[in-house]
Each structure stands twice: as C-alpha cells, then as structure tokens.
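Listed below are the residues making up each chain.
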Amino acid sequence: MASRKNSAGIPSSKAKGEPATKLDQSPNKTTATFPIVGLGASAGGLEAFEQFFRSMPVDSGLAFVLVQHLDPSHASILTEILQRSTTMSVMEAQDQMAVVPNHVYVIPPNRDMLIFHGVLQLSVPTEPRGQRMPIDAFLRSLAEDQGENAIGVILSGTGTDGTLGLRAIYGAGGLCLAQDPSSAKYDGMPRSAIEAGYTTQILPADQMAQALHPGKVRPLPRQHNVPATGMSRILMLLRSGTGHDFSQYKKSTIGRRIERRMMQHNIEDAEVYARYIKEHPPEREALFRELLINVTSFFRDPEAFAVLKDDILPPMLASKPDSYVFRIWVAGCATGEEAYSIAMVVREILDDTGQNLKVQLYSTDLDDEAITTARAGLYPPNIAQDVTPDRLRRFFFKEEAGYRIKKEIRDLVVFAVQSVIKDPPFTRLDLLACRNLMIYLEPELQNRLIPAFHYALKPDGVLFLSPSESIGSHTDLFEPIHRKWKLYRAMATPGSTQSILKTGLSWTTGSNTPMQQNQTPRAKEPHIAELAKRMLMQSFAPASVVTDLQGNILYVHGDTSKYLRPAPGQPSHNVVDMAKEGLQLELREALRQAAIQGLPTLNHPLSVKTDDTSQALSLSVRLMPDPDAEHSVLLVSFQDLASTTPAKPARKPRGKISAEALRIAELELEVATAKENMSSVLEEQQASNEELKSTNEELQSTNEELQSTNEELETSKEELQSVNEELITVNTELQTKVEQMAIMQDDMKNLLENIRIGTIFLDRHLHIRRFTREALKVYRLVATDVGRPLADIRSGLQGDDLLADAQTVLDSLVPIEREVCTANGTWYVARIQPYRTVDNVIDGVVLTFADVTERVAAIAARKARNLAEAIVDTVPSPLVVLDNTLKVISANHSFYQTFGGAPADTAEQNLFKINHQQWDFPELHELLDSVLPREQAMKRRELTHDFLGLGMRQLLITAQHIVEKIDQVKLVLLTIETLPTHQA
C-alpha cells in the first residue's frame, strides 16, 4: 500500500482499486445532494462499528464518516478492520478530501476533523488529551454544512461526547440515532444523548440499517412537498392540541419537518398523517417538539459577545446609578445557554467596575421542557468547548453529570414559558436579545415583531439579533450600532404606541377600540313639551317652534307650514334654513340677539311670501329660562296679522312722476332694509367667525390633549399588561422554587428524624431557631420555645455548660466536640459547629447530640474485661472459663504454662478437643455433666489423668457458675489445682 503525506503532515493511504477522492478543484463546493452519516464512538466502538456495517447495504447512497477516540501516539488499524465488515471502500480521511456516496471515511489519530461544503477538513488538536470532543465538533460542522441531509449516529462509548453534536443535527432537521444502551458495551455516550432528548430513534447497532433505508433518509427538497390543505389541517390539529399556532412560521421549515416525521412512520400522504396525528396524541406532541427548534449554545458567535461586553454594555451600565434596575429580556431562550451567557457577561462587567446595580433578566421560551432544563442549570461536560476555563471555574460547579450554574448567576435569571406572538412583551427594557428565532418566521410576522420589540425597549435600549436577522424596513425605530453582529439602538419615536397597535399581534387585540363620538344632548321631550305649552298659553298659543341656541328645532307646536318649509339639499332641522322668503334675515338676527345678548324680539312685523300672496305676520323670539334644563332653548312664535294682500301685478301708475316717486321710495326702503340686514348679517358673520376660530383652536388643543391622553392610556394599559405578565412570570418562578423548597424541607425533616441525632439551631444571640425531636431528650423543649434564649431552657445534662462552648465557637469559628451524660445515664457526643449560610456567612451555631451510650458501655465493658483478664493472669492456679456449650471463652497464663497450648488454638474451641483432646476423659465429663444441669454454685473433685507430654497428674478441679453482668451470659469457671503425685 502506497503511503504519502499531505501538506498538513497527515498520513494518507489508498487501497487497491480505490477511487480517487482527493479534490483537484476549489473546496468551495456546493452542499452534497446525498445524506452524510456521522458516526461517533469511544470505548467498545469497534464492535458497534462492525455490527453497523455488516447490516448496511453497499449501495445505500449514503456516505459514512467515522469519528472515534483514538490513541494519538499510535497508528490506527481501524480502516483495515472495518474493511472486513463491508464491501464499501473504507479509507482513512485526508485533508481536503471530498466525501462521496457509498464510501467510509475514518478519522486519523491525533487529528480533529470538520466538514465544509462536503469536504473534510483536518487539523492538529489544540486541546490537551482528555478534554477533546472530536465527535461533537464534527457533528456540529456536519449539521451546519449539510442541514437536513445530516445524519448523526452515537454508538458505544463512555462520557458525553456527541450529545451537543446530535443537538445541532436535530435542530437542523437531520436524523439522529443512538445505540440502545442495553446493547452497547459502554452506554455512557448513547445514554447521554437519549436523556438529552435529541434522538430520533433508539436501536441496536445491527438494526440501524433499517432506519437508514434510502426511502427513509432520502434528501429532502428545498421546497417541501406537503400540500397546503394537508399542512393547514396538521397545523390546526397542533393548535387545538397545544394551543400554539404555527401558521405564521416559514412554510418551508414546517413542511420539511412534517415530511421528516412522515418518513419516520412510512406515511407519504399528508391527509393520512393528519389522521394519524388525530388518532395518536403522542405523535402530535412529538411533532410539536420537532417544530420547536431548541438549538443553542453558550456564547454562540463569540465575537458578538465580545462586542457586547467591550463596546455595548459598559457605557450603558456606567451611566446608571447604583439604585438602577437593569432589565434584560432573552426571547426564545431554548434551554437557557443564551440567557446565562448574557448574565455572565453582565456579572463580569459589574465586578470589574465595582458597580452595585440590580439586574433583572427575563428568559422565555415556548417549550416548557426546555424551560425546565434551563431552570435546573445543569449542562453536560461538552460545554467546555464553548465556555472558557476561567468562566467554568467562576460560574459553574463541577458535578458528576456535568456543570451546574452557580447561585450568583442563577438568581439573576427568571425563566418562564411565553409566546412572543400572543403574549405581551416585557417593557422598559435596557437590552432585548432575540437571536435565531425570527429566521423561522414569515417576513410578515417578522415585521410585526420588530415594532413590538421597539415598544418593549426604553429609548436608547439595545436590540441584539443574530447575524441572519435584521430589523427590515423599520429604520425609523432603530439605528444600527454594529451592523455585522446586528446590534441596534431603539430611537424615541412619537408613534411607537400606534405602530405596535397596528401590528395586529394577538396581545394587542382589543386595545385599539375607537373612541365614542360625542353626541349632542337632546332635551327630554315631555319636559320641553310641558314648558312650551305653558309659554304658549301665556302668549295665546300662536304657531311656534322650540329651538336650541343655534336654531335647531327641538319641538313644533301648531301649524307652521305658512312660515317654514323643508330646506332644499341636505335635510336640515335648522329653523333659519327652513324659513320662507322674507323671514330668514329677520329670524336670524332675532335668534342671535336672543341667544347671545338675551334680548327678546316681540311682535316684529314681517311679510312672508307664499305661492300667490304675501302674508303679514309678527315674529317673536324669546329665551326660555329654566334652571332645571341642561341647555337653554328659544321659543320662536309666528302670528298672522289681519291684512292679507293678493300678489297681483302692479297697476300702471296714473302719472309718470308719481309712479317713479313711488318706485324710488319702495327701492330706497328695500335698500335701507337690505343694508340694515346686511350689516346685521356681517356683524353676525364676524362674530360667528371669531367664535368658530376660537372654537376651532380650542378643539384642536382639546384634540391634541385627547390624543395624548389616549396614547398615555393605551401605553399605560400595555404597561399594565406587561407588568401583569412579569408578575405571572415571577410568580411561576417563585412557585417552582416554593415547590423545590417544600421537597427539600420534607427531605431534610425525614433526614433529621431518621438519623436519630438531636439537633438545635441557634442564631447569633444563642436564641433557638429550630430543633429536632431527638433534642427533646437532652433539653426540655416545646414548640413555643422557638425564639427564646437556650439559657432559659433547663437541660438534662450533668454539670456541662454547653452555652459557654457555643459562644466560644461563635467567636472563634472552631468546632468543639465533647461527651456529655444526662441524669438517667444516657451518654451523648455533643458537637458544636458554626451555622454557615449558602453565601458562607456565619449566622449562629448548631448543636448536635449523638447517642453513644452503647459505645460508652462497650468501652467500659472492654476495660473491665481487660482488667479482669489482667487480674486472672496473675492467679497462680490454672483457670478456664467455659460457656454453656463447654467452649473455652478464656484461660489464664498459668493454664497455658502448666498444660501447654496457645490462646489462638484454644479460644472458641470445645474443652474436650483442645491440646489433642487430652481433656477428654470420663471423670471430667462426669463432673461437668453434674454441674451444668443443676447450675450448682460449686462442685469440687479430685481427678487423676495422664496428660500428653506431662505424664500422670493428680488434679483438684472446682467447677462453679458465674454470670456476666453486661450481657447476662451464664458461664462456668474451672479452677484447677495440681496435687502432689503419690508414688507406689
């Protein structure tokens, strides 16, 4: 096999008959049109790889890239081993190698591997061994490069590498598989991916070929094939089942994800899938979770966060007083990484500047499961790829399962379930971060959200978007701060409230109700009629009308057809417009004098022209005083005069001079009357113009005030809605914390009661805070003693002043431990330790009492036994202690010295079996048999026996019963005296 190295120094090889896959062209290659499978494994991965490829057909149309944790100092033979399991071409990956279907590519040792435009990119690792996450790195790049064509497979291995990579593929719409933990040699990696919730299917390695069948993983087209009717029905079922409307999300994204779910169930028709959703509620929930794209990471786009920390936030925070509350909202937070990243940045700035601002960071998302994860604040060890070591040490606790956010950062963030579309936004914000949310929404909805974000921000507040998002055409609401990383400053715009109300978002519905038009109050008919009748009776009840001060008719009495007629054109009820010829000028003047000056016009003679005649009449206009009336009214009366002249053609005058003089006189009278009327009309017109001008100005001012008031009311209403939403959010967070505290309190109560240790919690003044049930055996406490000094409570201890020790511990912070005894003889180990809060503040002392009576008694018994044994060893006669089964409990030194043997061979052995059974003779049996049943106090007998190695010995053996005081065990004591042997 020929071997060579590329420009990066990476060894490469080519098997016989292997097609050339090295790129000869530019790497700017379009995304592959076939699925690419990224397989990750660690310990036990070789066996899983072999099972996988044995069941995989050679012509699947897929490309396979294997990433395994390899020893960087040894060459890998994984390529040769896997070649025996498949007929596909298996090769070690090389830098700039293009990926083609039906080929297997294996990562070389001591190399990191990514993929870009379907081309493998190899590099030398920079992280130390043990901290590398090569599977995560490759799967992330695969998701970014291939999108829906990416497939992630996690096989046997230890640790959590691959979990974040699967999350990226899951968010991109790709297929995610994990090996069934029960079939994996090491289940750490697959179990981590499964518990994180980013797996599409869980299968044994040898069954994954079925899930990767070409019909199930065919590349999804850029334009989805789900019909509009089928998609509408599916979205309607989702809305009825979950309460969330996805109709305004991008149809391409929604369609491809619906197709992905349909492929998993071998369903090709959208109507059939809609019925399947209706009949299987779990599938509806699964589709809902699939549409919620919870893909995020800590400090995503690090350069953007660097700009935020170095250029944006410092001047904003520096300008705020110490009492200021800096408000932040992270919309679409997913599992919380973005919110915690911003909180860490703000905390770093405040620590560097020494400011003591209060920070309120609201973090919301539509997915309740994601919010639960965010609230827990526990993330896998893989986040070390995104978080610097300094930040890991400063803001995280290292736990067995990963890293947990510290309390100082967790307390800054309030998490809640919220929809930016149908729920009111948080208001009076200094910073609003909404990154990679709007890219999934239709442009129309994006244009409706931007004014909502502007409404939520304070003037000069900052909007933080992702590089793929923008404010669109709303340049009047925001000005760019940093164009590359999409940071915008909110500008103060007078029409902000109107623009948000015009967006049509569901939370604004009902707020834009039109103002009711003012209606001219009308007088009550019964009251006006009675008043008019009374006045008409006083004036002989002529034909009359009652009008308001403007001449609008309110009531008509009698026949007024001789004087009034419907006005031509637009219908009008004004008495001047309806007056017949010859009456209008006089009537207008009379109304003006009565309305403005209060001067009545009484019996003013006039001539009204009818069809063929001219009727003489008298006109009267009176102001009707009525203190109970809401508006003043006028009474206009018409009364006919006796002379009625037919309208005949004028006769020819008898004389020329007299006729001309008569005509001139008539004309002069008419001109004088016309001038007088015209002067009156002009004065009235000027007065009306002045009044209209003044009224117009007042109306304009009133209109502006009403508009301003209306805007303030609408703003106040929306702010109240937002405040209410914040209160609901905070209440939800507090309820969650209360539930957690209740569980912790129950756990603590059961713990304290079950460990049977008396505990008393004292504050700094040695007053009782809390105590457990076991403490009642030491101090005579009752429930009402909480808050009282412990010195007031009588204890059952004998002569021990624990309060002095407690004060010493409080002053020196050095724990004290001692044994104490109560009057009834119970012994306790009393421990006095400082009471430390979560923030490591000393706030009192803790007294614990552990019952050690049995231990003290055992020690005393052991001491007594040791003393007894020491005394027995000084006795010159051999002594043996037996139990009721004749086992040797102990023997003194004289016994071993006289008869031989060792304690190790004698203790716990039957007397008749020790020292080669030399004590097994009938006389001794008879002695012991006579003592044991009768429990006689003492039995003495002389015995003669031939002992091995000692010869014939004459013994005086005394057997008597004794009782052990502690355990009340009945024993037998043998006292053996050696008598002189008489020789024959």
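Scoring rules and cut-offs
- Residues numbered from 1 in each chain as written.
- Predicted model: local features only at pLDDT ≥ 70, side-chain atom pairs only at ≥ 80, totals over all residues.
- Heavy atoms only, no water.
- Helix = DSSP H or I, 4+ residues; strand = E, 2+ residues; numbered from the N terminus.
- Buried < 20%, exposed > 50% of the residue type's maximum accessible area, 1.4 Å probe, protein only.
- Contact = heavy atoms within 4.5 Å.
- Areas by Shrake-Rupley, 256 points an atom, 1.4 Å probe, with all protein chains shown as cover.
- Pairing = 2+ DSSP bridges.
- Axes fitted to C-alpha atoms, helices over the stretch in contact; angles between N-to-C directions.
- Parallel < 35°, antiparallel > 145°, perpendicular 65-115°, else oblique.
- Nonpolar A, V, L, I, M, F, W, Y, C, P; charged D, E, K, R; others polar.
- pLDDT = per-residue confidence, 0-100.
- Left-handed = near helix turned anticlockwise from the far one by under 90°.
- Salt bridge = Lys/Arg side-chain N within 4 Å of Asp/Glu carboxyl O.
- Phe/Tyr/Trp six-rings, centres within 6.5 Å; stacked < 30°, edge-to-face > 60°.

## Re the overall build of the chain
Helix and strand counts for the chain come out as 26 helices and 37 strands. Counting all 984 residues of the chain, 45% fall into the buried class. Of the contacts formed within the chain by residues at least 6 apart in sequence, a portion of 62% connects residues at least 24 apart. Accessible surface for the chain amounts to roughly 51,900 Å². Of this, 52% is attributable to carbon and sulfur atoms.

## Re the sheet that holds strand β15 (residues 378-379)
The strand order across the open sheet formed by three strands is β15-β17-β16, and the pairing between neighbours is antiparallel. In this open sheet, the two edge strands, each paired with only one partner strand, are β15 and β16 (396-399). Note: β15 against strand β17 (residues 402-405), two bridges, orientation antiparallel. By the bridge assignment for β17, Leu 378 is matched with Arg 404.

## Quick word on the packing of helix α7 (residues 228-242) against helix α10 (residues 281-291)
Their axes nearest at 10 Å, the elements α7 and α10 cross at an angle of 100 degrees. Judged by the inter-axis angle, α7 sits roughly perpendicular to α10. Residues Ile 234, Leu 237, Leu 238, Gly 241 and Thr 242 of α7 form the contact with α10, whose own contacting residues are Arg 284, Leu 287, Phe 288 and Leu 291. Here the residues of the contact of α7 with α10 sort into six nonpolar, two polar and one charged.

## Concerning the confidence of the model for the chain
Fine structural detail should not be taken from predicted coordinates in areas where pLDDT scores are low. Across the chain, pLDDT averages 80, with 86% of residues at or above 70. For the stretch residues 1-31, pLDDT sits under 50, and the model shows 57 contacts to residues farther than four places along the chain or on other chains. Across residues 510-525 the pLDDT falls below 50, and counting only partners more than four positions away or on other chains, this stretch makes eleven contacts in the model.

## Observations concerning unusual backbone geometry
Although it is not a glycine, Leu 813 adopts a positive phi angle of roughly 65 degrees. Inspection of the secondary structure puts Leu 813 in the loop between α22 (802-812) and β30 (816-821). A relative accessible area of 36% means that Leu 813 is categorised as partly exposed.

## Here we look at the packing of helix α8 (residues 251-264) against α10
Each pair of packed helices can be summarised by the angle the axes make with each other and by the distance between the axes. Packing of α8 against α10 leaves a shortest axis separation of 10 Å and a crossing angle of 140 degrees. In this view, α8 runs oblique relative to α10, as classed from their interaxial angle. Note on packing geometry: the crossing formed by α8 with α10 is right-handed. Mapping the contact onto sequence places Ile 254, Arg 257, Ile 258, Arg 260 and Arg 261 in α8 and Glu 283, Ala 286, Leu 287, Glu 290 and Leu 291 in α10. Considered class by class, the residues forming the contact of α8 with α10 number five nonpolar, no polar and five charged.

## As for the pattern of salt bridges
Evaluation of the coordinates by the stated rule reveals 28 salt bridges. Two residues, Arg 347 and Asp 351, come together in a salt bridge whose shortest N-O distance is 3.3 Å. Of this pair, Arg 347 and Asp 351 both sit in helix α12 (residues 337-353), four residues apart, roughly one helical turn. The exposure class assigned to Asp 351 is partly exposed, which follows from its relative accessible area of 38%. Put simply, Arg 941 and Glu 926 hold a salt bridge, and the shortest N to O gap is 3.5 Å.

## Brief notes about the sheet that holds strand β22 (residues 487-490)
What the seven strands build is an open sheet, ordered β18-β14-β13-β19-β20-β22-β21; its pairing is mixed. Strand pairing shows two members of the sheet lacking a second neighbour, β18 (413-417) and β21 (478-482), which therefore form its edges. On average, each strand axis in the sheet is inclined to that of its neighbour by 20 degrees, with strand direction left out of account. As paired strands, β21 and β22 are joined by four bridges and run antiparallel to one another. Bridging across to β22, Phe 478 finds its partner in Ala 490. α12 rests against β13 (325-331), β14 (358-365), β18 and β19 (429-433) of the sheet, and its axis sits at about 170 degrees to β14.

## Considerations on the pairing of strand β37 (residues 970-979)
Looking at chain direction, strand β33 (residues 879-882) and β37 are connected through four bridges and run antiparallel. Across the sheet, Leu 882 pairs through a bridge with Val 972, a residue of β37. Looking at chain direction, strand β36 (residues 951-963) and β37 are connected through ten bridges and run antiparallel. Paired with His 961 across the strands is Val 972, a residue of β37.

## Quick look at the environment of Leu 437
As for its position among the elements, Leu 437 is in the loop between β19 and α16 (443-456). A relative accessible area of 17% places Leu 437 in the buried class. A C-alpha to C-alpha distance of 8.8 Å links Leu 437 and Ile 293, two positions 144 residues apart in sequence. Ignoring anything within four residues of it in the chain, the contact list for Leu 437 reads Val 420 and Glu 469.

## What to know about helix α4 (residues 163-171)
Each α-helix turn comprises 3.6 residues. Residues three or four places apart therefore point the same way. For α4, the buried fraction is high: nine of the nine residues fall into the buried class. The set of residues buried in α4 consists of Thr 163, Leu 164, Gly 165, Leu 166, Arg 167, Ala 168, Ile 169, Tyr 170 and Gly 171. Gly 173 lies just past α4 and shows a positive phi near 90 degrees.

## Section: the packing of aromatic side chains
The full count for this structure, using the stated rule, is 24 aromatic pairs. Centroid distance Phe 52 to Phe 64: 5.9 Å. Interplanar angle 75 degrees. Geometry classified as edge-to-face. Taken together, the positions of Phe 52 in helix α1 (residues 45-54) and Phe 64 in strand β4 (residues 63-68) put the pair twelve residues apart, joining distant regions of the chain. Residue classification places Phe 52 among the buried positions, given a relative accessible area of 0%. Classification of Phe 64 by relative accessible area gives buried; the value is 0%. Taken together, a centroid distance of 5.5 Å and an interplanar angle of 80 degrees make the contact between Phe 53 and Phe 64 edge-to-face. Here Phe 53, found in helix α1, pairs with Phe 64, found in strand β4; they are eleven residues apart in sequence, far enough to count as distant. For the pair Phe 53 and Phe 64, a shared accessibility class is recorded, and that class is buried.

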